[in-house]
Every structure is written in C-alpha cells, then in structure tokens.
Amino acid sequence: MKIKMLLLLSMIGLQAIAQTDPIVMTINGKAVTRSEFEYAYQKNNKNGRHIKIANFAKQYALYKQKVAAAEEARLDKTTSFNEQVEALLSPTVAPVSIPTVSTPSASLEQDARRLYNEERREVEANGGLVSYGEILIRINQHATAYEENKARVLADSVYRALQGGADFATLAKKYSQTKGGRVFAVVGRNEVLEEVEKALFSMQAGELRAPVSSPFGFHILKVYAREQYPAYEVVRPRLIKQLEMANLRQQIIRQQQGQSVNTVVLAPSLDTKGATAVDENLKREVCDGLLVTAITHQKLGILANNRSELERYFRKHRKEYRGVLNGKSDVPKSVDEVLPLVENDYQQSLEKGWEKELKRKYKVVVNKKVLSAINHK
C-alpha cells in the first residue's frame with residue numbers, strides 16, 4: 001500500500017512539473033522545456049531584435065540538432081570539452097584556449113586574428129592535423145566475453161578485407177557503428193579518444209592500422225594525409241564564437257560574485273550546502289555552445305579548406321564566377337583567382353548539405369499549443 005502511495009505521489013509530482021514547465025519540442029526524443037526555450041529566445045531577442053517565435057523555433061531546433069550530433073560523436077566526452085566547461089563555469093580556473101578580450105574597446109576582429117595565430121602555433125607545435133577514416137566496431141559497456149570476441153573477429157575480418165584492396169568507404173558504411181562511418185575527418189590533438197589519437201599521430205600518410213582497442217570498441221584507422229592548419233577566413237566564425245563565449249564567462253563570474261551585469265541577469269540558485277550554483281540554463285548554454293562550435297569545426301571548418309575539394313567545387317561551378325575579375329566578363333581559369341569567393345561558397349554548400357542531413361537524422365516534434373502560448377504572451 002505504501003509503495004502504491006509513493007508511486008502515486010511521484011506521478012503527481014511529475015505531472016505538476018510538466019504543467020509548470022511544459023515541453024515545447026523534442027529533438028530525437030530529448031525534451032526542450034518552455035523555460036529553456038524562453039531563456040534562449042530572450043538571449044537572442046534583445047538589443048532591438050524582434051525575432052518571431054515560429055522562426056526562432058526553427059533556428060533553435062536546428063541548433064539542438066547540432067548538439068545531438070556532437071553528443072553522438074562523443075565530443076562531450078573529450079578532455080578538452082570538460083576542461084573548457086570547467087574553465088567557463090569556474091571563477092577560479094583560467095580559461096582554456098579562450099582568452100578574454102583585452103579591453104572593452106578592443107577590436108573583435110583583431111582578437112580573432114590573435115587567437116587564430118595562437119591556435120595555429122599550438123596545433124603545429126603538437127604535431128599538426130591528420131585527415132583520416134575510421135571504422136568502429138562497437139562493444140557494449142556490459143558486453144560478455146563472447147560478445148567482445150565476436151566484435152574482435154569482425155574487426156579483424158574487415159581489416160583483412162581492407163588489406164586485400166576493399167574500398168574503405170564501402171566497408172565503413174556497411175560495418176561501422178558510427179552511423180555511416182567516419183569516412184573522412186580532420187583532427188588535432190585532444191579531439192578524439194586517447195587510444196585513437198595515439199595511433200593516428202604515430203601513423204604515416206596512406207597507412208592502414210590494425211584494429212585499435214578502446215572502451216567503445218575496435219577502431220580500424222586509415223590516415224590519408226598530414227594537413228595544414230586552415231586559413232583564417234575558414235575558421236573565423238568559430239573564433240568569433242569563442243570570443244563571445246569568453247565574454248559569457250565574465251558574465252558568469254560576475255553573477256557568482258553577486259555583481260550586476262549589463263546583459264541578462266540570472267538569479268543564482270543554491271545547492272544543498274547553501275553555496276551559489278550556476279543557473280542551469282546558463283550551464284546548458286555554455287555546454288551546448290561549445291558542442292556546436294566543436295561539431296561545426298569538425299564537420300565543416302577544415303573540410304572547407306581541403307584543396308582538392310575546393311578545386312572540384314570550382315570546376316563544377318566555374319561559370320558562376322564569370323565577370324568577377326576586374327569587372328571583365330572572363331571566366332576565371334584557376335581557383336586561386338577567386339579563392340575567397342570559392343571558399344565561402346563551398347563552405348555554404350557544405351553547411352546546407354549538413355543541415356539537410358541533420359533534419360533527416362534527428363526528428364523534431366513541436367508542441368504547437370505550448371509554442372503558441374509563448375507566442376501570445
């Protein structure tokens with residue numbers, strides 16, 4: 001009887017929570033509550049901006065789809081992510097790779113270029129970048145010895161097939177358990193699992209590595225090349241976002257210290273010991289922002305600087321650049337003649353393709369009744 005009563009009270013409590021903070025939408029089954037949505041809307045609808053709720057809902061859904069993609073790629077499990085979250089949320093820990101703006105009047109563009117130079121030097125000092133392909137034969141966390149051995153046998157079989165000349169992309173799509181296989185990615189240090197990183201940075205261009213074991217399973221790796229750090233224009237959007245996040249960190253510190261801020265002021269919550277805790281919405285904003293920045297960099301940033309792909313895109317769209325050279329009607333013969341334009345257009349095409357994939361892969365369900373209630377506040 002007591003158990004039934006407790007269950008009934010729990011259900012009543014859950015219903016009460018649902019009523020006070022209803023769900024606006026779900027992204028692949030994960031709920032976005034009204035309080036989260038309104039917080040994000042208010043942050044993006046200030047300084048004279050007037051975004052319609054319906055339009056913002058579409059933008060926010062896409063943003064959360066990118067978060068879902070980052071989580072699926074396990075970017076929230078990396079050391080660098082956890083260090084950055086800690087740096088942003090702790091007033092006592094110095095930020096990691098996110099310098100604060102030097103003065104209130106400093107040029108954001110100058111700071112972005114300074115950050116770019118620092119990042120490039122750090123990446124080059126740590127071995128540069130590696131482009132690679134990966135086939136993951138996943139192992140469940142609670143797998144039995146039989147299941148683990150079965151996965152090992154499959155990984156060995158795939159590896160032998162690749163040694164025999166099988167196409168990497170074909171086998172990745174068929175066997176890899178990373179949703180289609182990571183056929184091409186470019187990474188630096190501290191961006192992938194430690195076991196994978198150790199293998200990648202010890203491999204030569206063109207090398208195929210026998211299955212590498214990690215807590216997630218067996219990774220079959222192929223290194224394509226050592227890559228140069230991308231041009232400033234390619235990574236500029238990410239750098240600007242990082243600098244904005246640095247300013248957000250200063251807001252968090254002032255909030256924790258009880259100082260007023262010029263932006264949105266959030267009432268701090270108290271934990272069970274009475275210590276001031278970071279507002280959950282603010283914490284989510286920080287985590288989601290870092291994840292979206294990381295997954296965008298992984299999916300688009302360096303790929304857009306891939307020389308062979310840029311040239312391929314240019315050859316396909318070369319006639320579209322007619323007349324851009326000194327006002328003449330000539331069609332450019334080389335991608336270098338219109339490189340900034342091609343880089344921008346190619347990145348835009350990559351982004352559109354990626355967004356289309358996100359919308360197909362991560363289902364969005366909107367509660368129109370709740371959204372309408374926000375719209376008519």
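Residues numbered from 1 in each chain as written. Predicted model: local features only at pLDDT ≥ 70, side-chain atom pairs only at ≥ 80, totals over all residues. Heavy atoms only, no water.

- Within an unreviewed UniProt entry, the label attached to the chain reads Peptidylprolyl isomerase, and the organism entered is Prevotella bivia DNF00320.

## Section: the pattern of salt bridges
And then number 1: For the structure on display, the rule yields 13 salt bridges.
And then number 2: Across the pair R152 and E148 runs a salt bridge whose closest N-O atoms are separated by 3.6 Å. One end of the pair is R152 and the other is E148, both in helix α6 (residues 145-163) and four residues apart, which spans about a single turn.
And then number 3: The residue E197 makes a salt bridge to R189 at a minimum N-O spacing of 3.5 Å.
And then number 4: Classification of R189 as partly exposed rests on a relative accessible area of 35%.
And then number 5: Through salt bridges that share partners, E36, K64, R284 and D288 make up one connected network. (Salt bridge = Lys/Arg side-chain N within 4 Å of Asp/Glu carboxyl O. Helix = DSSP H or I, 4+ residues; strand = E, 2+ residues; numbered from the N terminus. Buried < 20%, exposed > 50% of the residue type's maximum accessible area, 1.4 Å probe, protein only.)

## What about the environment of Y41?
And then number 1: Along the polypeptide, Y41 turns up in helix α2 (residues 34-44).
And then number 2: Separated by eleven residues in the primary sequence, Y41 and K52 have C-alpha atoms spaced 9.6 Å apart.
And then number 3: Apart from the residues lying within four places of it in its own chain, the contact partners of Y41 are I51, I53 and F56. (Contact = heavy atoms within 4.5 Å.)

## Quick word on the nonpolar core
And then number 1: In terms of nonpolar packing, the biggest core is built from 37 residues, with V24, M25, F37, F56 and I295 touching the most fellow members.
And then number 2: Sorting the residues of this core by element identifies β1 (23-27), α2, α3 (53-72), α4 (79-89), α10 (280-301), α12 (339-361) and α13 (368-375) as the ones contributing at least two each.
And then number 3: Ranked by residue count, the leading element in this core is α3, at ten residues.
And then number 4: If we ignore the near neighbours within four places in the chain, the residues touching F37 are V24, M25, V32, I53, F56, A57, Y60, L371 and I374. (Core = buried A, V, L, I, M, F, W, Y, C linked by side-chain atoms within 4.5 Å.)

## Quick word on helix α7 (residues 168-175)
Residues separated by three or four positions in an α-helix point in the same direction, a consequence of the helix having 3.6 residues per turn.
And then number 1: Every buried residue of α7 is accounted for by F168, L171 and A172. Here the buried residues of α7 occupy an arc of 105 degrees about the axis, which is enough to place them on one side. Facing away from the buried surface of α7 by more than 90 degrees, the exposed residues are K173 and K174.
And then number 2: The distance from a side-chain oxygen at the start of α7 to the backbone nitrogen of A169 is 3.4 Å, and the residue carrying that oxygen is D167. (Arc of directions from axis to C-beta. Polar contact = N/O pair within 3.5 Å; in protein donor to acceptor, adjacent residues only side chain to side chain.)

## Let's talk about the side chain of R74
And then number 1: By the secondary structure assignment, R74 is in the loop between α3 and α4.
And then number 2: No salt bridge is formed by the buried R74, whose closest oppositely charged neighbour, E134, lies at an N-O distance of 4.8 Å.
And then number 3: Those residues in contact with R74, other than ones at most four positions away along the chain, are L136, R138, L193, F216 and H219. (Lys, Arg positive; Asp, Glu negative; His and termini not counted.)

## Re the packing of α6 against α7
And then number 1: Contact geometry of α6 with α7 gives a least axis separation of 10 Å together with a crossing angle of 160 degrees. Here α7 runs roughly antiparallel to α6, going by the angle between their axes. Crossing handedness for the pair α6 and α7: right-handed. Across the interface between the two elements, L154, V158, A161 and L162 from α6 touch F168, L171 and Y175 from α7. (Axes fitted to C-alpha atoms, helices over the stretch in contact; angles between N-to-C directions. Parallel < 35°, antiparallel > 145°, perpendicular 65-115°, else oblique. Left-handed = near helix turned anticlockwise from the far one by under 90°.)

## Points about the sheet that holds strand β2 (residues 30-33)
For sheets, the rule is that strands pair by backbone hydrogen bonds, running either parallel or antiparallel.
And then number 1: Strand order in this open sheet of three strands is β2-β1-β9, and the pairing throughout is antiparallel. The outermost strands of the open sheet, each flanked by one partner alone, are β2 and β9 (364-366). Strand-to-strand, the axes of this sheet are offset by a mean angle of 20 degrees, without reference to chain direction.
And then number 2: Pairing analysis gives four bridges linking β1 to β2, with the strands arranged antiparallel. (Pairing = 2+ DSSP bridges.)

## A word on the side chain of S176
And then number 1: Residue placement: S176 occurs in the loop between α7 and β4 (182-187).
And then number 2: For S176, a relative accessible area of 9% translates into the label buried.
And then number 3: Of note is the side chain of S176, whose polar atom sits 3.0 Å from the backbone nitrogen of L136.

## Section: the packing of aromatic side chains
And then number 1: Applying the stated rule across the entire model yields eight aromatic pairs.
And then number 2: A ring pair is formed by F37 and F56, whose centres lie 5.4 Å apart and whose planes are at 65 degrees; its orientation type is edge-to-face. Of this pair, F37 sits in helix α2 while F56 is found in helix α3, placing the two residues 19 residues apart along the sequence. Taken as a pair, F37 and F56 share a single burial class, namely buried.
And then number 3: When the centroid spacing of 5.5 Å and the interplanar angle of 50 degrees are considered together, the rings of Y313 and Y346 count as tilted. Highlighted residues: Y313 in helix α11 (residues 307-317) and Y346 in helix α12, separated in sequence by 33 residues. (Phe/Tyr/Trp six-rings, centres within 6.5 Å; stacked < 30°, edge-to-face > 60°.)

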